[in-house]
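Inside the fold
Now for the letters of each chain:
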Amino acid sequence: MSDFFRTLGEKTETTPSPGFDAAFWKKFEGEFKPKRESFWAALFTLPRLVPVGAALALFAGIFYYTVQTRLPTGETAAVVAHAGTLEDLDLFLDGELVSVADVDTLDDADWDVLLEENG
Amino acid sequence: MRAKAKLFASPSVPPYEEEQALMLRVAKNDEKAFAALYERYRRPILSYLVSFLRTKSVAEELAQEVFLRVYRTRESYSTEFRFSTWIWTIARNLAIDHLRKKSEVLVDDDRQEILDGIPSDPAAMPDAERMLIERATKEGLEKCLGELSPPQREATSLRSYSELSYEEIADTMRSSVPRIKSLLFRAKEALLDCVKRGGHHE
């Protein structure tokens, strides 16, 4: 006994297109295989990452420099408050007003003259 | 993996048991077993979808999706079902989903009810009928298949491209065996009539 439908099936069977299998396995690998980057792909990606890395390094450098040179808040306030005093102290110690070495040898009369001269 | 796997070699094991064993291996991520099932089913699944949907490009897309879905759901496969019934059901559901999205409603034809005098084996045919089908061109036959009602065409496709029994076709189509036999009998009559007319309308 012949099978009508089997004969019909053989006669009307559809052949997959040439790229059918390749397209399927590509979909399969895309969905189920872990993506592994090839050496060449990595090599291609590297140059694109260089500017990003350079920008990050520059930012890190500026940030580090800023942190290193910035005084703690309390110390900054103290410097601002005593800025004038400190400037006078520098002048005083630099000997522009008086030599520190000479101070020990001044008697009261010398001090009077000295203070009178400097207002 | 892409090479044709020769995993259907044992003649002593029934095909469905062999396929179940392969599918259990697939469930454990055995890609060679999956490739073997793919090699076996790619052509009949595609042929079924082409005859069902009538568009090869769409059928190819869906056939690939059938196999992706088989692999995606590999862990849920149960040996309670034959692999063939399972994969044909997946293919059918995808085809019906596609048709629904296209708003093409499958209308069941009431005239295809069970009729008296249906032969016990509607697939059997005399030599004259076989010769007629063999002589018909592929294009003519496909045109005649396109003239069948959707349920007739679907039952015919499942019978032609799968190795499913009437019971399995009934399970796949969520129908009964007598109804499937009726559909096939009517489809065969319509096809022979169409081929005799040379694929032309009367």
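Thresholds applied
Residues numbered from 1 in each chain as written. Chains lettered and ligands numbered in written order. Predicted model: local features only at pLDDT ≥ 70, side-chain atom pairs only at ≥ 80, totals over all residues. Heavy atoms only, no water. Patch = residues over 30% accessible without salt bridge, like charges linked within 9 Å, V, L, I, M, F, W, Y side chains within 5 Å. Areas by Shrake-Rupley, 256 points an atom, 1.4 Å probe, with all protein chains shown as cover. Salt bridge = Lys/Arg side-chain N within 4 Å of Asp/Glu carboxyl O. Helix = DSSP H or I, 4+ residues; strand = E, 2+ residues; numbered from the N terminus. Lys, Arg positive; Asp, Glu negative; His and termini not counted. Charge placed at Lys NZ, Arg CZ, Asp CG, Glu CD. Buried < 20%, exposed > 50% of the residue type's maximum accessible area, 1.4 Å probe, protein only. Contact = heavy atoms within 4.5 Å. Buried area = accessible area lost by both parts, 1.4 Å probe. Polar contact = N/O pair within 3.5 Å; in protein donor to acceptor, adjacent residues only side chain to side chain. Axes fitted to C-alpha atoms, helices over the stretch in contact; angles between N-to-C directions. Parallel < 35°, antiparallel > 145°, perpendicular 65-115°, else oblique. Nonpolar A, V, L, I, M, F, W, Y, C, P; charged D, E, K, R; others polar. Disulfide = S-S within 2.5 Å. pLDDT = per-residue confidence, 0-100. Left-handed = near helix turned anticlockwise from the far one by under 90°. Expected span 1.5 Å × (residues − 1).

1. A few points about a nonpolar patch on the surface
Together, F59, F63 and V67 of chain A make up an exposed nonpolar region whose accessible area comes to about 330 Å². Position of V67 of chain A relative to the elements: it lies in helix α3 (residues 39-69).

2. Remarks on a negative patch on the surface
Together, D107, D108, D110, D112, E116 and E117 of chain A make up a region of like negative charge exposed at the surface. Relative to the assigned elements, E116 of chain A resides in helix α7 (residues 108-117).

3. Some points on the pattern of salt bridges
Tallied over the entire structure, the rule returns 16 salt bridges over all chains. Between E31 of chain A and R72 of chain B there is a salt bridge, with its nearest N and O atoms 2.5 Å apart. Taken as a pair, E31 of chain A in helix α2 (residues 20-32) and R72 of chain B in helix α3 (residues 56-72) lie in two separate chains rather than in one. In this structure, the salt-bridge partner of D193 of chain B is R197 of chain B, at a minimum N-O distance of 3.4 Å. What makes D193 of chain B partly exposed here is its relative accessible area of 35%.

4. Details of the interface of chain B and chain A
The interface of chain B with chain A comprises 45 residues on the first partner and 27 residues on the second. Summed over both sides, the interface between chain B and chain A buries roughly 3,700 Å², with carbon and sulfur atoms accounting for 62% of that surface. For the pair chain B and chain A, the interface holds six salt bridges. Among the salt bridges present, the one from E31 of chain B reaches K33 of chain A, with a minimum N-O distance of 2.9 Å. Taken together, the links from chain B to chain A amount to 18 residue pairs in polar contact (both at pLDDT 80 or more).

5. Observations regarding the packing of helix α1 (residues 4-12) of chain A against helix α7 (residues 150-161) of chain B
For any two helices packed against each other, one specifies the crossing angle of their axes together with the interaxial distance. Relative orientation of the contacting elements α1 of chain A and α7 of chain B amounts to 85 degrees, with a least axis distance of 7 Å. Taken together, the axes of α1 of chain A and α7 of chain B lie roughly perpendicular to each other. Contacts between α1 of chain A and α7 of chain B involve F5, R6, L8, G9 and T12 of chain A from the former and T156, R159, S160 and Y161 of chain B from the latter. Split by residue class, the contact of α1 of chain A with α7 of chain B holds three nonpolar, four polar and two charged.

6. Points about the state of the cysteines
Residue and element names in this part refer to chain B. According to the stated counting rule, one finds one disulfide over all chains in the structure shown. Between the sulfur atoms of C144 and its disulfide partner C194 the distance amounts to 2.0 Å. On the sign convention where negative is left-handed, the bridge of C144 and C194, at about -80 degrees about the S-S bond, is left-handed. Of this pair, C144 sits in helix α6 (residues 138-146) while C194 sits in helix α9 (residues 177-196), and the two are 50 residues apart along the sequence. Take C144 and C194: they sit in the same class, and that class is buried.

7. Side note on the confidence of the model for chain B
Residue and element names in this part refer to chain B. In this model, chain B carries an average pLDDT of 83, and 79% of its residues clear a pLDDT of 70 or more. This model gives residues 104-120 a pLDDT under 50, and the stretch forms 28 contacts once residues within four places in sequence are excluded. Predicted complex metrics record ipTM = 0.78 and pTM = 0.64.

8. Considerations on the packing of helix α1 (residues 15-27) of chain B against helix α2 (residues 31-53) of chain B
Residue and element names in this part refer to chain B. Across the interface, α1 lies against α2 with an axial gap of 8 Å and an inter-helix angle of 135 degrees. On the basis of their axis angle, the class for α1 and α2 is oblique. Judged by the sense of rotation from one axis to the other, the crossing of α1 with α2 is left-handed. Here P15, E19, L22, M23, R25 and V26 of α1 lie close against α2, whose contacting residues are A33, F34, A36, L37, R40 and Y41.

9. Some words on the environment of A59 of chain B
Residue and element names in this part refer to chain B. Mapped onto the fold, A59 is located in helix α3. Along the backbone, A59 and I45 are 14 residues apart, and their C-alpha atoms lie at a distance of 9.0 Å. For A59, the residues in contact, after removing those within four places along its chain, are L46, L49, V50 and L53.

10. Focus: α3 of chain B
Here α3 of chain B spans 24 Å end to end across 17 residues, near enough to the 24 Å set by a 1.5 Å rise per residue. Where α3 of chain B is concerned, the buried positions are A59, E60, L62, A63, Q64, E65, V66, F67, L68, V70 and Y71 of chain B. In this fold, the buried residues of α3 of chain B make contact with α2 of chain A together with α1, α2 and α4 (83-101) of chain B.

11. Re α9 of chain B
In an α-helix there are 3.6 residues to a turn, and that puts residues three or four apart on one side. Residue and element names in this part refer to chain B. For α9, spanning 20 residues, the distance from its first C-alpha to its last is 29 Å, which sits close to the expected 28 Å at 1.5 Å a residue. Turning to α9, its buried residues are R179, I180, S182, L183, L184, A187, K188, L191, L192, C194 and V195. Just past α9, the residue G198 takes up positive phi, approximately 75 degrees.

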